Amino acid sequence: MKRWVLVLTERGSDREGKRRRIAALLVVLGGLIGSFGVGSVLASDPIGYGVPVWPFADTADRAENALLAEVVPAVRSGVPFEQAGVEVLRRTTAYGSAFWTLKLQVDGETRCREVAVGLTVTSRRVDC
């Protein structure tokens with residue numbers, strides 16, 4: 001003869017559910033705040049951080065990135081660069097890299113950028 005036993009279990013208290021919801025809410029809020037912080041840093045210099053794409057870069061940033069793509073081969077070869085909208089302010093070489101400071105006219109804005117070309121290409125915005 002088989003006997004079936006019904007076991008009733010009580011779920012966790014309502015406190016545990018509230019704690020889980022609060023923890024999930026805090027994780028989501030932390031993720032949003034962290035994403036906003038990272039996004040604002042990337043938007044400050046999208047070309048320097050290597051993300052010249054929407055939503056971080058606007059049209060002027062993308063145009064500046066296109067100009068830099070044309071400048072890098074000239075920096076690597078060491079030849080003078082002549083193009084409308086690009087003025088080379090300073091050229092130096094040190095530690096096996098070439099450093100050029102450029103004044104760029106992009107979408108009606110004047111921007112200055114220091115480009116370092118060695119094994120890798122890096123750049124940063126500088127004051128004009």
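Above this note sits the structure.
An account of the accompanying structure is given in this report. None of these values were measured; they are calculated from a predicted model.

1. Focus: the overall build of the protein
A count of helices and strands for the protein gives 2 helices and 4 strands. Beginning at the N terminus, the succession of helices and strands in the protein can be written as α-α-β-β-β-β. Here the protein has a C-alpha radius of gyration of 27 Å; the compact-globule value for 128 residues is 14 Å, and the former is much larger. Principal-axis analysis of the C-alpha atoms places the extent of the protein at approximately 95 × 35 × 25 Å. Counting across all 128 residues of the protein, residues that qualify as buried make up 27%. Of the contacts made within the protein by residues no fewer than 6 positions apart, 31% connect residues no fewer than 24 positions apart.

2. What to know about unusual backbone geometry
A cis amide bond links Trp54 to the next residue, Pro55, at an omega of 10°. Inspection of the secondary structure assignment puts Pro55 in the loop between helix 1 (14–44) and helix 2 (59–77). Phi angles above zero are rare outside glycine, and Tyr95 is one such case at about 55°. Given a relative accessible area of 85%, Tyr95 falls into the exposed group. Of note in this structure, Asp107 is not a glycine but carries a positive phi near 50°.

3. Digging into the environment of Arg125
Locating Arg125 in the fold gives a position in strand 4 (residues 121–126). Arg125 gets classed as partly exposed once you look at its relative accessible area, which sits at 35%. Those residues in contact with Arg125 that sit more than four places away from it in its chain are Ser44, Asp45, Pro46, Asp61, Glu64, Arg111, Cys112 and Arg113. Of the polar contacts made by the side chain of Arg125, one reaches the backbone oxygen of Ser44; its length is 3.1 Å. Within the structure, the side chain of Arg125 is placed 2.8 Å from the side chain of Asp61, a separation counted as a polar contact.

4. Notes on helix 1
Relative to the 45 Å expected for 31 residues at 1.5 Å per residue, helix 1 spans 45 Å between its end C-alpha atoms, a close match to the ideal helical length. Among all positions in helix 1, only Gly17, Gly39 and Leu42 are buried.

5. Looking at the pattern of salt bridges
In total, this model carries 9 salt bridges according to the counting rule given. Arg111 is the partner of Asp61 in a salt bridge, and the nearest nitrogen-oxygen pair spans 2.5 Å. In this pair, Asp61 sits in helix 2 while Arg111 sits in strand 3 (residues 109–117), placing the two residues 50 residues apart along the sequence. Taken as a pair, Asp61 and Arg111 share a single burial class, namely buried. Note that Glu114 is salt-bridged to Arg124, the shortest N-O span being 3.1 Å. Linking Glu114 in strand 3 with Arg124 in strand 4, this pair joins segments that are 10 residues apart in sequence. A relative accessible area of 47% places Arg124 in the partly exposed class. Several salt bridges converge on common partners, so that one network encompasses Asp45, Asp61, Glu64, Glu109, Arg111, Arg113 and Arg125.

6. Side note on the packing of aromatic side chains
All told, the structure shown has 0 aromatic pairs when counted by the stated rule. A cation over a ring is seen here: Arg91 above Trp100, with NZ or CZ 4.7 Å from the ring centre.

The rules behind these values
Throughout this document, residue positions are counted from 1 along each chain, in the order its sequence is written. Local features in a predicted model are, by the rule used here, given only for residues with pLDDT of at least 70; side-chain atom pairs are given and counted only at 80 or more, and totals for whole chains, interfaces and linings are based on all residues. Each side-chain value is worked out from all heavy atoms of the structure, with water and hydrogens disregarded. Runs of E in the DSSP output that reach at least two residues are strands. Runs of H or I that reach at least four are helices, and both are numbered from the N terminus. Taken over C-alpha atoms, the radius of gyration is set against a globule rule of 2.2 Å times the number of residues to the power 0.38. Between buried and exposed lies partly exposed: a residue is buried under 20% and exposed over 50% of the maximum accessible area for its type, with that area taken using a 1.4 Å probe on protein chains only. Note on contacts: a residue pair qualifies if any of its non-hydrogen atoms lie within 4.5 Å across the two residues. Polar contacts, as counted here, are pairs of nitrogen or oxygen atoms within 3.5 Å of one another; within protein the pair requires one atom able to donate a hydrogen and one able to accept it, and residues that are adjacent in sequence qualify only if both atoms are side-chain atoms. By this rule, a helix spans an expected 1.5 Å times one less than how many residues it contains. Only one rule defines a salt bridge in this text: a Lys or Arg side-chain nitrogen within 4 Å of an Asp or Glu carboxyl oxygen. The criterion for an aromatic pair is that two Phe, Tyr or Trp rings (for Trp, the six-membered ring) have centres within 6.5 Å, with stacked assigned to planes under 30 degrees apart, edge-to-face to planes over 60 apart and tilted to the rest. Whether a charge lies above a ring is judged from NZ of Lys or CZ of Arg, which has to be within 6 Å of the ring centre and within 35 degrees of the ring normal.

Purely geometric stuff here, so don't read any function into it on its own.
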